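Overview (structure and organization)
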Amino acid sequence: MGKKNKRGRGRPRVPLDHLKIAQRELEKRNAKLALEHARLQHQASASPESREVLERALLARAEQLFERGNRELATELLNELRTLGVTVGDLESQLEMLSVRLGEHPRVAGSEVSAEDALSGPVAQSLADEAVLHPHRRSPAYPQWNEQADWVRAALQEVEAGQSEAAWERLSAIPRKSPLAEWRLFVRGLAAHYAGDVSRRAANWDRLSPERAAYRIANHLLVFAGQRRAEEVGFPTSNGQRRLKAALSGNAVLALLETMRDDFRARRIEPMLRTLCTLRQRHARSHAQLIERVTDLLWKHFVRESDSGGLFRLKRAVPGPALDPRWLRANGLLMDQQSECNLNRIEEVWFGYIQDLETCSVLGDEEREMAIGLVYHRLANEFLEEVHRDQRDPFELPFPLGRRHAGPDEEEIALLAKRAEFHLRKALSKCPRLLAVHRQLIDLLRERERSTEAVQAGIELLQHFPDDFDTLVWLSNYFIEAEQPVQAEPYVERASHLRPRDQAIAGLIWNRNLGLFRHRVRKRKFEEARRQLQELASLNGSVSGHQLLPYAFCVLGASLEYKAKNDQAAEAQLQKAQEELEEPTPIWLIMHAYAERFSLPRPLKNQFRDRFKAAIQGACRSQTAGHMARFLRGYLARGVKYVGLVTHQRLLIDYLKRARRVKWSPEDLHDVCRFLAESTERRAVAVLGPLVEAGIRRFPDAPLFWFLRGQSVLGGFPRALPFLSGTTSDQEIKRLEKAQELNKRAEFPLTASECERLETALKTARATHDMMSAFFEHMSFMADRICEDDPGGEEDDWGEDDDWDEDDDWDDEDDDWDDDDREEELPDVKGASAARPRGKRRTSRASHNRQGRLF
Amino acid sequence: MIRDPYQVLGVTPQSDLQEIRARYLKLVHEFSPEQHPQQFSEIREAYEILRDPLVSLEKRLFDLHLGDTFETLVEQERKHCNQRPVPTDVLLSLGEA
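Predicted model only: the values in this text are computed from it and were never measured.

Comments concerning the overall build of chain A
Per the secondary structure count, chain A includes 45 helices and 0 strands. Across chain A, every contact between residues at least 6 apart in sequence was considered, and the portion connecting residues at least 24 apart equals 58%.

Below is the structure:
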């Protein structure tokens, strides 16, 4: 017996449930099988249930056949369904839809109703969408829609080709009432989407109906662009996203970029550069700009990190950027980043880069000149930085805390300044619009005491920047101080026209009038000079900081009258001046100075010199010292010189040295201390100390004395001393901080330049203190280690460190100010930064030990 | 890292001042300081650089902090990729229910 019979005998035959099978197959969209079983079921036992399944199966199979292009069989089945009759309500619209798709016109109730109007809205929309999506399934019943669908497809292809204008023109022919009008919104939104125009895209796509195909396409695109979440759109998107990804996945550039980004993050330089090479080899034509940007990114990174190795490898991997074909700019900037540099080498590199720029096609002619000017400026800055190294870092520590090499000497500075000047002038010749370069050139020339050339540079600056207020004021002041008030006139006028309310202008006009007075006296225009003096008297007191006391006016008047040979009037003026003061010493000082400045006859000069020398031998008085200090400080601050200024300074310092038991007024003591701080006389420093201490004792709320005290300690050391002795304690910082605090509410506040110096001093003090603390901690740690390694070796030397007490050291130092003998040991430090005593403790054995250990 | 001012404003180094200004005004109108303070300040900064040709050139030549990062480049390339036209047949296939 065969297997078949055996099996049949074993299991009893169960009749098939065609109804269930048909339903299941329908759910599985297996319309053919579903129809077979539905027919069998309906033939075997007709019931309403079997009839419904048969109707559904017939319609599903007819749709399936239509979609596969078999219109004849689909029509047959549709007719069969019609013969059978549709009893299921929701099948009627589908039947209507299919019949229209098969080319049948809908049944029209009235003759006036058009075929389009006879269709329900959703059916019409569905037909229209299908006409666009599937041209082969179009219904021949609506040729006008088919034509419009062709326009839509053509418009979409035009948008794809970047011809949006043509697409809009084409779609404008679709009537507004047409079911295809929705596609006009879609196409406009699509063009905006590709152009990145979010607002225009939203204006079109937000109006799409969610039932339409256009809405689905738009949302697929939005989800793919990450501008909408998949959950928000209301239909499954995964298949569509897959298709989009597949269509756009040809972007190998993005993949390479992502690989490079990951390698860059992980600091895998070699693989990253290999990927860059690949990118360049494969996409150099299509992505030249991107490759340039990646190269730009990388060289800047390597330069910022001072990674010369990385830069070297990059140079091997890709050619130089268009703006730097030989990588010289990158080399120059890399050298800037490195602390140790050779100026000649830097100059050579930048000169090479200038040559590259001269032939650079990326820049226009004007831009090229500007670029070369900027390179020269950069080069000039390199030299200027070296010229100003002493000023920049006055408390620089020696190697290894500071830089290895010492600062340049005077001869070197002169050479560096010369090179800097050359580059500045070259920069200006290429690009005269570089205001900063003009200013730097003026400053450099002034520093090198080449005033005439500085003035010429200032005049050139004004040719390009006629409204540069600072230069106008500087030139005005220069000519006034140089006793050329007539030349100053146009600059004063221009500056006062630009900023009539500026405080500097008021001072400028005062100085101009004073200068004009002196000029007219020297030119023997006595009447005009007298009128000028009256004008000055009328302005007196109106400008803060520019005020003459009555006795000073009398002295000016006396000088004028002596010059005019009116000795009697002059004597009368001097008599009047003497009545204003306790003693005449300041008058003789000023008269002696004016005798020189106004070129009075020699006997008069000698007379006032003798009177002054005799008078200044007397005991020191607060008022007298204050007036003389105020007068001389004016000259020192402005840098104006006259024959006898040095002697006057020396005599006044001797006079102040005797100021032991003077009852100082605060104004006088302030002026005296400021004079001493600005004096170029080396002995001024020694005299300043006790006076500052006296100021702190008597006027503890005056910030100037705290500032000078703190600053003198910092500035008084020879360069290496703080390093050797480990000073710059908290005390100095506290003093400077106290000066800063007191200055906020002081009756006698610091001047603007003093405030600026205070800020700098504080900054330097804090930095030095932090550095020294770290250094000594490190040394202490090293000493401990050495002691552990070699307990018998140098134990005694380092043992003394434990006894070294920083605070004690400073306490002793405070006393130094009152000790005249110690003052004689002060280091010879010039300038306002003043000095601090080099106490013996400071070079104590402990300190020497540290030094010896280090080196 | 400051973004490339040309990119921020969407102009090229060849654009003239008029074009740069027009683009700046359009962007400022779009990104108001109240609603987009960060973008606004970025646009403003970029314009300040580009309006002065000297400053702009100096930045282009020497500013080591001016330019792209890999993140911005990848982002831009991805955006560019997303905005690349989808083939029409693929596009229409997305309309299926």
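Details of the overall build of chain B
Secondary structure summary: chain B contains 6 helices and 0 strands in total. Each helix (α) and strand (β) of chain B, taken in turn from the N terminus, gives the series α-α-α-α-α-α. Across the 97 residues that make up chain B, the buried fraction comes to 26%. Within chain B, counting contacts between residues at least 6 apart in sequence, those at least 24 apart form 47% of the total.

Examining the interface of chain A and chain B
Between chain A and chain B, the contact holds 47 residues from the first and 31 residues from the second. Of the residues that constitute the side of chain A that touches chain B, the class distribution is 26 nonpolar, 6 polar and 15 charged.

What to know about helix H17 (residues 288-304) of chain A
Residue and element names in this part refer to chain A. Its 17 residues place the ends of H17 24 Å apart at the C-alpha level, agreeing with the 24 Å of an ideal helix rising 1.5 Å per residue. Along H17, the residues classified as buried are Val294, Thr295, Asp296, Leu298, Trp299, Lys300, Phe302 and Val303. The first or second residue beyond H17 is Ser306, which carries a positive phi of 55 degrees.

Brief notes about the environment of Lys576 of chain A
Residue and element names in this part refer to chain A. In this structure, Lys576 sits in helix H31 (residues 567-580). Given 16 C-beta atoms within a 10 Å radius, Lys576 is considered partly exposed. Here the alpha-carbon distance between Lys576 and Val555, two residues 21 residues apart in the chain, equals 9.0 Å.

Considering the packing of helix H32 (residues 585-597) of chain A against helix H33 (residues 602-615) of chain A
Residues and elements named next belong to chain A. Packing of H32 against H33 leaves a shortest axis separation of 8 Å and a crossing angle of 150 degrees. Compared by their axis directions, H32 and H33 come out roughly antiparallel. Every pair of crossing elements has a handedness; the one defined by H32 and H33 is left-handed. Only Leu604, Lys605, Phe608, Arg609, Arg611, Phe612 and Ala615 of H33 make contact with H32, whose side of the interface consists of Thr585, Trp588, Leu589, Met591, His592, Ala595 and Glu596. When grouped by side-chain class, the residues that make up the contact of H32 with H33 number 8 nonpolar, 2 polar and 4 charged.

What to know about the confidence of the model for chain A
All names here are of chain A. A residue-level look at chain A finds 83% of positions with pLDDT of 70 or above and a mean pLDDT of 80. Mean pLDDT in chain A bottoms out at helix H45 (residues 845-854), which sits at 29, and peaks at helix H25 (residues 451-464), which reaches 94. In the model, residues 716-728 has pLDDT below 50 throughout and makes 33 contacts with residues more than four positions away in sequence or in other chains. Contacts of residues 792-855 to residues separated by more than four positions or lying in other chains number 80 contacts, the stretch itself having pLDDT below 50.

Definitions and limits used
Residues numbered from 1 in each chain as written. Chains lettered and ligands numbered in written order. Predicted model: local features only at pLDDT ≥ 70, side-chain atom pairs only at ≥ 80, totals over all residues. Helix = DSSP H or I, 4+ residues; strand = E, 2+ residues; numbered from the N terminus. Contact = placed C-beta atoms within 7 Å. Buried ≥ 20, exposed ≤ 12 C-beta atoms within 10 Å, placed from the backbone. Nonpolar A, V, L, I, M, F, W, Y, C, P; charged D, E, K, R; others polar. Expected span 1.5 Å × (residues − 1). Axes fitted to C-alpha atoms, helices over the stretch in contact; angles between N-to-C directions. Parallel < 35°, antiparallel > 145°, perpendicular 65-115°, else oblique. Left-handed = near helix turned anticlockwise from the far one by under 90°. pLDDT = per-residue confidence, 0-100.

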